[in-house]
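The primary structure of each chain is shown beneath.
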Number of protein chains: 2
Amino acid sequence: MIQRNTVQRRQVLEAVQQLYNHPTAEDIYEYLAERQAGLGRATIYRNLNVLCEQGLVHKIEVPDAPARFDHTLCAHYHLQCRCCGSFGDVSLPEQNRLDRAVSKETGYTAVTHDIVFSGICPECRAAGKDRSAEPKA
Amino acid sequence: MIQRNTVQRRQVLEAVQQLYNHPTAEDIYEYLAERQAGLGRATIYRNLNVLCEQGLVHKIEVPDAPARFDHTLCAHYHLQCRCCGSFGDVSLPEQNRLDRAVSKETGYTAVTHDIVFSGICPECRAAGKDRSAEPKA
DNA sequence: GTATTATTGAGATAAATTCTCAAAGAAAAA
DNA sequence: TTTTTCTTTGAGAATTTATCTCAATAATAC
């Protein structure tokens, strides 16, 4: 399975780089649809997977939401507001240390992990939108 | 929305406690189906959500796989083998420290997170099943 | 150029979960 | 304890996200 350098693949990679705000596959679909290039959804998903394997793109699994994709830079975590859904980066250089600690404790090798922190952003906090602070039942 | 104490809700909670190995909703469905109690899937999903809100059950979001549910004990992380899929606990008491660090860095409040580490278990390693070590393309 | 074979795209399919809504049944009120 | 209220149930439809199918297309190698 030798990879080919197709127009579509380049367009998907370019879209992830342009849409720097962690686009979903659907975001990319719409972005490319607006620009003449009418890529099919299957093509977008397929190429995102290929680009992930190549290490050019990083897939972020978000709880209860579609996966997002990140232009690969240095390792970092992500943070999402439980109220408004805003999504961003967190710099907290713990990745290697945690992976090593888990490997040492369990005997597993090639350990990796991602984290999507969940919290209430300052804006929602100020606006009193924080429903997680309300009594549950 | 006052919660009612139904037979079904108790059965779902009991199933999560009995199936201590991080069951999926489907595991619970089958477990209860085998025991006379023919709960509908909708009922199981609904009750798992309620029990999570009540803090009696913890939902574990697993990348590229159905969610698993954990009888709530003290906070801990999870670890999955990329080869055989085996799934288990990891004790690494970092939760509070990381949440506080993210809160301090970003101004977000009520920060929480989960981690599902991914690695190769010693058995798969020994059996040479580690496909992630092979060249990619 | 021609042959080989990865890639595309439209739509079908799959997997996980939620929604719909009439019937059933807790809990509260009378 | 009867009635009223309103949450919950369950079967199946619907939704969402993502993958698969397969004939047509197009990169690459020869």
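Residues numbered from 1 in each chain as written. Chains lettered and ligands numbered in written order. Predicted model: local features only at pLDDT ≥ 70, side-chain atom pairs only at ≥ 80, totals over all residues. Heavy atoms only, no water.

Near DNA strand C you find 21 residues, and of these R9, T43 and R46 of chain A together with R4 and Y45 of chain B are the closest. Close to the protein, within 4 Å, the atoms of DNA strand C belong to sugar or phosphate groups at a rate of 62%. R46 of chain A is positioned such that a nitrogen or oxygen atom in its side chain is 2.8 Å from a base nitrogen of DNA strand C. In the model, a phosphate oxygen of DNA strand C is placed 3.5 Å from a nitrogen or oxygen of the N49 of chain B side chain. If you list the elements that add at least two residues to the surface near DNA strand C, you get α1 (7-18) and α3 (41-53) of chain A together with α3 (41-53) of chain B. A per-class count over the surface near DNA strand C returns eight nonpolar, eight polar and five charged. (Near = heavy atom within 4 Å. Polar contact = N/O pair within 3.5 Å; in protein donor to acceptor, adjacent residues only side chain to side chain. Helix = DSSP H or I, 4+ residues; strand = E, 2+ residues; numbered from the N terminus. Nonpolar A, V, L, I, M, F, W, Y, C, P; charged D, E, K, R; others polar.)

This part covers the environment of V12 of chain A. All names here are of chain A. Among the secondary structure elements, V12 is positioned in helix α1. Accessibility expressed as a relative area gives 0% for V12, which makes it buried. Sequence-wise, V12 and C52 are 40 residues apart; in three dimensions their C-alpha atoms are separated by 12 Å. If sequence neighbours within four positions are ignored, V12 has contacts with L32, L39, I44, N47, L48 and L51. (Buried < 20%, exposed > 50% of the residue type's maximum accessible area, 1.4 Å probe, protein only. Contact = heavy atoms within 4.5 Å.)

All right, on to the nonpolar core then. F117 of chain A together with F117 of chain B are the most contacted members of the largest nonpolar core, which totals 28 residues. Only β3 (77-81), α4 (95-106) and β6 (116-120) of chain A together with β3 (77-81), α4 (95-106) and β6 (116-120) of chain B provide two or more residues apiece to this core. When neighbours within four sequence positions are excluded, F117 of chain A is seen to be in contact with Y77, H78, L79, Q80 and L92 of chain A together with L98, D99, V102, V111, T112 and H113 of chain B. (Core = buried A, V, L, I, M, F, W, Y, C linked by side-chain atoms within 4.5 Å.)

Before going further, it helps to spend a moment on the side chain of S118 of chain A. Looking at the element boundaries, S118 of chain A is found in strand β6. Excluding residues that lie within four positions of it along the chain, S118 of chain A makes contacts with L79, Q80 and R82 of chain A together with A110, V111 and T112 of chain B.

Another point: the protein's contact with DNA strand D. Surveying the vicinity of DNA strand D reveals 21 residues, the closest of which are R4, T6, R9, T43 and R46 of chain B. R4 of chain A places a side-chain nitrogen or oxygen 3.3 Å from a base nitrogen of DNA strand D. With respect to DNA strand D, the side chain of N47 of chain B contributes an N or O atom lying 3.2 Å from a phosphate oxygen. Mapped onto the surface near DNA strand D, the elements with two or more residues apiece are α3 of chain A together with α1 (7-18) and α3 of chain B.

On to the domain arrangement of chain A, then. A common way to express how large an interface is: the accessible area buried when the components associate. Residues and elements named next belong to chain A. By domain assignment, chain A separates into domain 1 (1-72) and domain 2 (74-137). Relative placement of domain 1 and domain 2: their C-alpha centres are 23 Å apart. Between domain 1 and domain 2, the residue contacts involve 10 residues of the former and nine residues of the latter. In total, domain 1 and domain 2 occlude about 660 Å² of area from one another, counting both sides; carbon and sulfur atoms represent 55% of this. (Domains from an automatic or database assignment. Buried area = accessible area lost by both parts, 1.4 Å probe.)

The next point concerns the packing of aromatic side chains. Residue and element names in this part refer to chain B. By the definition in use, this model includes two aromatic pairs over all chains. Judged by centre distance (6.0 Å) and plane angle (75°), the rings of Y77 and F117 are edge-to-face. Pair noted here: Y77 is in strand β3 and F117 is in strand β6, with a separation of 40 residues, a long-range link. Note on Y77: relative accessible area 0%, which makes it buried. For F117, a relative accessible area of 0% gives the class buried. Between R41 and the ring centre of Y29, over which it is positioned, the NZ or CZ distance is 3.8 Å. (Phe/Tyr/Trp six-rings, centres within 6.5 Å; stacked < 30°, edge-to-face > 60°. Lys NZ or Arg CZ within 6 Å of the ring centre and 35° of its normal.)

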